[in-house]
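# Geometric and topological summary
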Amino acid sequence: MTVDDASEVAQHAEPTGPTEPPGDRSSAQPGMSIVVFAGLISIAAGAVHAAAAGIHVESKELAQIFVITAVLQIGVGIWAVLRPGRIAAWSVVLVSVVAFAGWLTTRLTGISWIEGLEVREAPGFADTACAALAVIAAIAAYTGAILPAERRHQRGLAIPATLLGLFAVWTMLAAGTTAHTHADGDHAHGDEVAAADHPHDEIATADGATVAATADDHPHDETVTANASTVTTEHPHDDAVADDGHAHDTAEPVALAWPRPWDPSEPLDLSGVEGVTTDQQMRAAELVNNTLIELQKYADPAAAVAAGYTSIGDAGTGSEHYIKGDLIEDDVLLDPSAPESLVYAADGDQRTLAGAMFIASARPADDPTLTDWAGPLMTWHKHDNLCWSTGDDGEAKVVGIIDADGNCARGVRAGGENPMVHVWVTPHPCGVFAALEGIGAGTAAVDEAERVDMCSEEHDHDAGAEPQAVAKPYDPTMPIDLSGTPGVTPQQQAAAENLIAINLVDLPQWSDYRVAEAAGFRSIGDGFTGHEHFVQWDWINDDVALDPDFPESLVYEPQPDGSKKLVSAMYMLPTSVSLGEVPNIGGPLMQWHIHDNLCYSNDPEQPRVSGITDADGNCQPGLVKHDPAPMIHVWITKHPCGPFASLEGVAAGQIAPGEERLCDEAHGAH
């Protein structure tokens, strides 16, 4: 025994001889030893770890770590209480610091060589409380270790020791009544989504969320409540009567359709999906629950910008993505506390947080680390057809898509190496992990029919009937959806939607016709028709097509006050291209036309429409007829005949022989 320990024992010893004068207790000190206080808190932390060990039985190695930690914390705690000397104090410091360091590591990076702790996890109530107790014990023990023996006793420590002890008991109860899972490293504590890996696969969720699960082979309903959460689990048993005395059906389980419509206000149902393991279902449920919680801090886009996220400039599609580039190529996968991208529903200047888009580091979309994570519940997709450029703010912006040859008319092709998946925090008819529609759907490693991030036909139509997409009128202030037109392929729909989107974003740079005039646009003098065309004649026969930064013609509506409102672009191909050679980027959604009957004034600087050809196709003397160029409108305002409608009357021009004039009323404004 050290001299210091002997001094501590002497201070706690009772008088042993009659020669000691009554009341002469100069060696005793009032209050509790701060080392004893540290020991009591260490015991409390160890008790919480011991309680938690019982809910980590699915991982033997992890449960053993909890038991060892509990034994060490309780052991040094008892030592500090019985022998409150420096050696005991330093022992409490050492064990407490190691316990806290282990907790901190699992929250920052994970521990790759311990099963169940491979990836980082978000802090939960029970584990954070346990870490806090370890910190308090370490600080108290350190203070006791450096103080002289006569100064270690302090008044008033009994009350906080008692309160912290009660707090530890409460934490033990909270941890012990919540089931827990470590699914390939992704796990939750206390108030996070959790499940015990036992024959009944009970699931607990946080913040009132309800999750239905399916496991084994029998229908069996159980309800687990934790943190105000009610969870229904369904378990199909093969036996008519199980060991627990419950009667069970003998019917074969029926695989349920996936995906299913998603509403965060309703229970999350991931049950009964063929090929989905219990671990995959638990991981997916935990991801959704944690995303619902973590993403709310970005409800205001300003908060996202302050955190380092920047818009990619795609608000015109109805969904605006904010990306934090330095998170994309790290080693963290599906972390709701730090998503690589945030998705906002864009309605004019209004932005509503809609979900997260988790982006993996460069790898194939069918990499097992992705496909095995949630199994058939998820389809990872890529966007390998986008063209990117640098915006005025110095950040990367989407400026278009590649052409048929894989080239960008503007910017560079990039970003196609990174698979991604959405998790929605707002209702979505195509499921919680749904991709966007059209161009936003990207490409996957499986066929379109095998993708599970799009609407299931089971929810779109009656069994045995052909799926019928409902066409939505085109509204530039709403998300763009050109579905519902027979004969349009997904690629054509995506290309048409993207063309509209980039026009909605970029074409308003020409809103002031005087800006257009400064760039070389000249009016053809047809404002009396209700639509006035400004043409940049030098751009017609160049090699740029369908680019809102270089439109061949702009269409304005003259206003009663004399101003002009930009309503459309009119893109024109070189005059060497015939109607039979126009690009088929939109399929039946788009119809190109020419103007082969207009006569212009003979003015090389500013030709003006001055008449139409006669029956023989000739212009009156003094007027000239220009070589026809295939053209198409892209309207950034509502139009009765859809977003690519031609004008009416003489302004409608001529279409290819044998075609019927297209008026896309299905997507037109009514």
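Structure report, in brief. (Residues numbered from 1 in each chain as written. Predicted model: local features only at pLDDT ≥ 70, side-chain atom pairs only at ≥ 80, totals over all residues. Heavy atoms only, no water.)

### Thoughts on the environment of R83
Quick reminder of the rule: For helices the rule is a DSSP run of H or I covering at least 4 residues; for strands it is a run of E covering at least 2, with both sets numbered from the N terminus onward. For the exposure calls, accessible area comes from a 1.4 Å probe over protein chains only, and a residue counts as buried if that area is under 20% of its type's maximum, exposed if over 50%, partly exposed in between.
Structurally, the position occupied by R83 is in the loop between α3 (60-82) and α4 (86-108). Looking at R83, the relative accessible area reads 41%, which means it is partly exposed. Between the C-alpha atom of R83 and that of G39, which follows or precedes it by 44 residues, the distance is 9.9 Å.

### Focus: the nonpolar core
Filter applied, for reference: Among buried residues, the Ala, Val, Leu, Ile, Met, Phe, Trp, Tyr and Cys ones that are joined through side-chain atoms within 4.5 Å form a nonpolar core.
In this structure, L287, L342, L377, M378 and F433 are the most contacted members of the largest nonpolar core, which totals 50 residues. Looking at this core, the elements that each hand over two or more residues are α7 (278-294), β12 (319-323), β13 (341-347), β14 (350-359), α9 (368-374), β16 (386-390) and β19 (420-424). Per-element accounting of this core gives the leading share, six residues, to β14. Y474, I500, L507 and A516 belong to the second largest nonpolar core, which has 34 residues in total.

### What about the pattern of salt bridges?
For the record, the criterion: Whenever Lys or Arg places a side-chain nitrogen within 4 Å of a carboxyl oxygen from Asp or Glu, that contact is recorded as a salt bridge.
Inspection of every chain in the model, using the stated rule, returns nine salt bridges. E320 is paired through a salt bridge with R351; the nearest N and O atoms lie 2.4 Å apart. Separated by 31 residues along the polypeptide, E320 in strand β12 and R351 in strand β14 bring together distant segments of the chain. What makes E320 buried here is its relative accessible area of 7%.

### Observations regarding α7
Cut-off, in case you're wondering: Each residue after the first adds 1.5 Å to the expected span of a helix.
Taking 1.5 Å as the rise per residue, α7 with 17 residues should run 24 Å; its terminal C-alpha atoms sit 24 Å apart, in good agreement. Where burial is concerned, most of α7 is hidden: 12 out of the 17 residues are buried. For α7, the set of buried residues is Q280, Q281, M282, R283, A284, A285, E286, L287, V288, N289, N290 and T291.

### Focus on the state of the cysteines
The bond known as a disulfide is covalent and runs between the sulfur atoms of two cysteines. So the rule is basically this: Throughout, disulfides are identified as pairs of cysteine sulfur atoms within 2.5 Å of each other.
Counted under the stated rule, the structure contains three disulfides. Bridging C387 to C408, the disulfide has an S-S length of 2.0 Å. The chirality of the disulfide connecting C387 with C408 is left-handed, given an S-S dihedral of about -95 degrees. Pair noted here: C387 is in strand β16 and C408 is in the loop between β17 (396-401) and β18 (412-413), with a separation of 21 residues, a long-range link. Judged by relative accessible area, which is 1%, C387 ranks as buried.

### Remarks on a nonpolar patch on the surface
We apply this condition: For patch detection, residues must exceed 30% relative accessible area and be free of salt bridges, and they are connected within 9 Å for like charges or within 5 Å for nonpolar side chains (Val, Leu, Ile, Met, Phe, Trp, Tyr). Each accessible area is a Shrake-Rupley estimate made with a 1.4 Å probe; only the visible protein chains count as cover when residues are assessed.
Together, W90, Y142 and I146 make up a nonpolar patch on the protein surface, roughly 310 Å² of accessible area in all. With respect to the secondary-structure elements, I146 resides in helix α5 (residues 125-146).

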